[in-house]
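Chain by chain, the residues run as shown.
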Amino acid sequence: GTVAEFTSVDEQQSLGKLNIYPNPSQGVFQVNIPNVDAEPVQLEVFDMLGNLIVSERISNAQNGIIDLRSQVNGSYLIRAIKDNEVWTGRLLKLP
């Protein structure tokens, strides 16, 4: 399941934190991957139970948008994947 996938991130090379702003926000987050050119990446957002709630390929690693307005308020984990490289972060959605 998704939880096992998330815990197996150590097989991939973690390259640090995503730049996320505004954070916290009311649901719309801008995601920017440091030190990556404008290349396609996969963005995944998980709730705190490890359920995958957003999975989308964005064409520009410098300008990703995540919209959690339809999700419940609280904390979420986000990761970006490009080839076998991974960046992670945490989102906080406010009312």
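Use the structure listed above.
In what follows, the accompanying structure is described. Because the structure is predicted, anything quoted here is derived from the model rather than measured. (Residues numbered from 1 in each chain as written. Predicted model: local features only at pLDDT ≥ 70, side-chain atom pairs only at ≥ 80, totals over all residues. Heavy atoms only, no water.)

Some details on the overall build of the protein
Basically, it comes down to this: Numbering of helices and strands runs from the N terminus, with a helix taken as a DSSP run of H or I at least four residues long and a strand as a DSSP run of E at least two residues long. Summary of the burial criterion: residues with accessible area below 20% of their type's maximum are buried, those above 50% are exposed, and those between are partly exposed, where the area comes from a 1.4 Å probe applied to protein chains only. Whether two residues are in contact is decided by their heavy atoms: any pair within 4.5 Å suffices. Only the protein chains shown count as cover for residues, and the accessible areas themselves come from Shrake-Rupley with a 1.4 Å probe.
Per the secondary structure count, the protein includes 1 helix and 8 strands. Buried positions account for 38% of the 95 residues belonging to the protein. Summarising the internal contacts of the protein: among those between residues at least 6 apart in sequence, 57% fall at separations of at least 24. Counting every atom, the protein has about 5300 Å² of accessible surface; 48% of that belongs to carbon and sulfur.

A look at the sheet that holds strand β2 (residues 19-21)
Rules: Being paired, for any two strands, means DSSP has found at least two bridges between them. As a rule, the C-alpha atoms of each element are fitted with a line to give its axis, helices using only the stretch in contact, and angles between N-to-C directions run from 0 to 180 degrees.
Sheet architecture is open: 3 strands sit in the order β2-β3-β6, paired in antiparallel fashion. Unpaired on one side and paired on the other, β2 and β6 (64-67) mark the two borders of the sheet. Taken over all neighbouring pairs, the strand axes of this sheet differ in orientation by 25° on average, direction set aside. In terms of strand pairing, β2 meets strand β3 (residues 28-32) through 3 bridges, oriented antiparallel. Counterpart to N19 in the pairing with β3 is N32.

A few points about the nonpolar core
Defined as follows: We define a nonpolar core as any set of buried Ala, Val, Leu, Ile, Met, Phe, Trp, Tyr and Cys residues linked to one another through side-chain atoms lying within 4.5 Å.
Among the nonpolar cores identified, the biggest contains 19 residues, and L18, I33, V45, I66, L68, I78 and L91 are the most heavily contacted of them. Going through the elements one at a time, β3, β4 (41-47), β5 (52-58), β7 (74-82) and β8 (85-93) are the ones with two or more residues in this core. For L91, the residues in contact, after removing those within four places along its chain, are I20, N23, F29, V45, I66, L68, G74, S75, Y76 and I78.

Re unusual backbone geometry
A cis geometry characterises the amide bond from Y21 onward to P22, with omega recorded as -15°. Of note, P22 is situated in the loop between β2 and β3. Omega for the bond connecting N23 with P24 falls within 30 degrees of zero, at 10°, which places this linkage in the cis form. Within the secondary structure layout, P24 lies in the loop between β2 and β3. The phi dihedral of D83 is positive, around 55°, even though this residue is not glycine.

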